[in-house]
Amino acid sequence: PAQETCPAVKPKKKTSLLDAAAMVLKQALSPLNCKEIIAKAVADGLWSPTGAKTPEQSLYSAMFREIRDKENPRFKKSETRKGSFEYNG
């Protein structure tokens, strides 16, 4: 007989690049730029590339939007390193 799947159990949703960036920055000891964040997220298995041509640009924009629009953003621009971000925890 075919195995029944429980409808209440959903497959684990893939971590978004923005969420992966938050995890990476939370553990980072120094500010990171988008290219470094993505490399670390991929190396740590938090995110896998989707084939997009410019994930760095997409991440940068998304982080900037969160900083601008949210009351308590997870990210902040680094004051010590231009073009880099820190975890705002």
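Residues numbered from 1 in each chain as written. Predicted model: local features only at pLDDT ≥ 70, side-chain atom pairs only at ≥ 80, totals over all residues. Heavy atoms only, no water.

Trainee: So what exactly am I meant to see when it comes to the sheet that holds strand β1 (residues 32–33) here?
Mentor: Across a sheet, strands are paired by hydrogen bonds formed along the backbone, either parallel or antiparallel in direction. What the 3 strands build is an open sheet, ordered β1-β3-β2; its pairing is antiparallel. In the strand order of this sheet, the two ends are held by β1 and β2 (75–77), each with one partner. Judged from the 2 bridges that link them, β1 and strand β3 (residues 84–87) form a sheet pairing that is antiparallel. Paired with Asn-33 across the two strands is Ser-84, which belongs to β3. Most of the contacts of helix α1 (residues 17–27) go to β3, to which it runs at about 75°, and overall it touches β1, β2 and β3. Contacting β2 and β3, helix α3 (residues 55–69) crosses the sheet at an angle of about 100° to β2. (Pairing = 2+ DSSP bridges. Helix = DSSP H or I, 4+ residues; strand = E, 2+ residues; numbered from the N terminus. Contact = heavy atoms within 4.5 Å. Axes fitted to C-alpha atoms, helices over the stretch in contact; angles between N-to-C directions.)

Trainee: Is there a simple way to think about the packing of aromatic side chains in this case?
Mentor: Centre-to-centre distance and the angle between the planes together describe a pair of aromatic rings. The full count for this structure, using the stated rule, is 2 aromatic pairs. Here Tyr-60 and Phe-64 contribute two aromatic rings whose centre-to-centre distance is 5.3 Å and whose plane-to-plane angle is 35°, an arrangement assigned as tilted. Remark: Phe-64 and Tyr-60 occur in helix α3; sequence separation between them is 4 residues, near one turn of the helix. Their ring planes at 70° and their centres at 5.4 Å tell us that Tyr-60 and Phe-85 sit as a pair that is edge-to-face. Taken together, the residues Tyr-60 in helix α3 and Phe-85 in strand β3 connect sequence positions 25 residues apart. Its relative accessible area of 31% is what places Tyr-60 among the partly exposed residues. Classification of Phe-85 by relative accessible area gives buried; the value is 1%. Taken together, the aromatic side chains of Tyr-60, Phe-64 and Phe-85 make up a single cluster linked through ring pairs. (Phe/Tyr/Trp six-rings, centres within 6.5 Å; stacked < 30°, edge-to-face > 60°. Buried < 20%, exposed > 50% of the residue type's maximum accessible area, 1.4 Å probe, protein only.)

Trainee: Can you walk me through the pattern of salt bridges in this structure?
Mentor: A pair can form between side chains of opposite charge whenever their charged atoms are brought close. Summed over the entire model, instances satisfying the criterion amount to 6 salt bridges. Residues Lys-40 and Asp-44 are paired through a salt bridge, measuring 2.9 Å at the closest nitrogen-oxygen approach. Take Lys-40: its relative accessible area is 38%, and that puts it in the partly exposed class. On the basis of relative accessibility, which here comes to 38%, the residue Asp-44 falls in the partly exposed class. The partner of Asp-69 in a salt bridge is Arg-68, and the shortest N-O contact between them spans 2.8 Å. (Salt bridge = Lys/Arg side-chain N within 4 Å of Asp/Glu carboxyl O.)

Trainee: What exactly am I supposed to notice about α3 here?
Mentor: Structurally, the α-helix is built with 3.6 residues per turn, so residues lying three or four positions apart point the same way. Here α3 contains 15 residues, and its C-alpha end-to-end distance of 21 Å stays within 8% of the 21 Å for a straight helix at 1.5 Å per residue. For α3, the set of buried residues is Pro-55, Leu-59, Ala-62, Met-63 and Glu-66. Here the buried residues of α3 occupy an arc of 95° about the axis, which is enough to place them on one side. For α3, the exposed residues set more than 90 degrees away from the buried face come down to Gln-57, Arg-68 and Asp-69. (Expected span 1.5 Å × (residues − 1). Arc of directions from axis to C-beta.)

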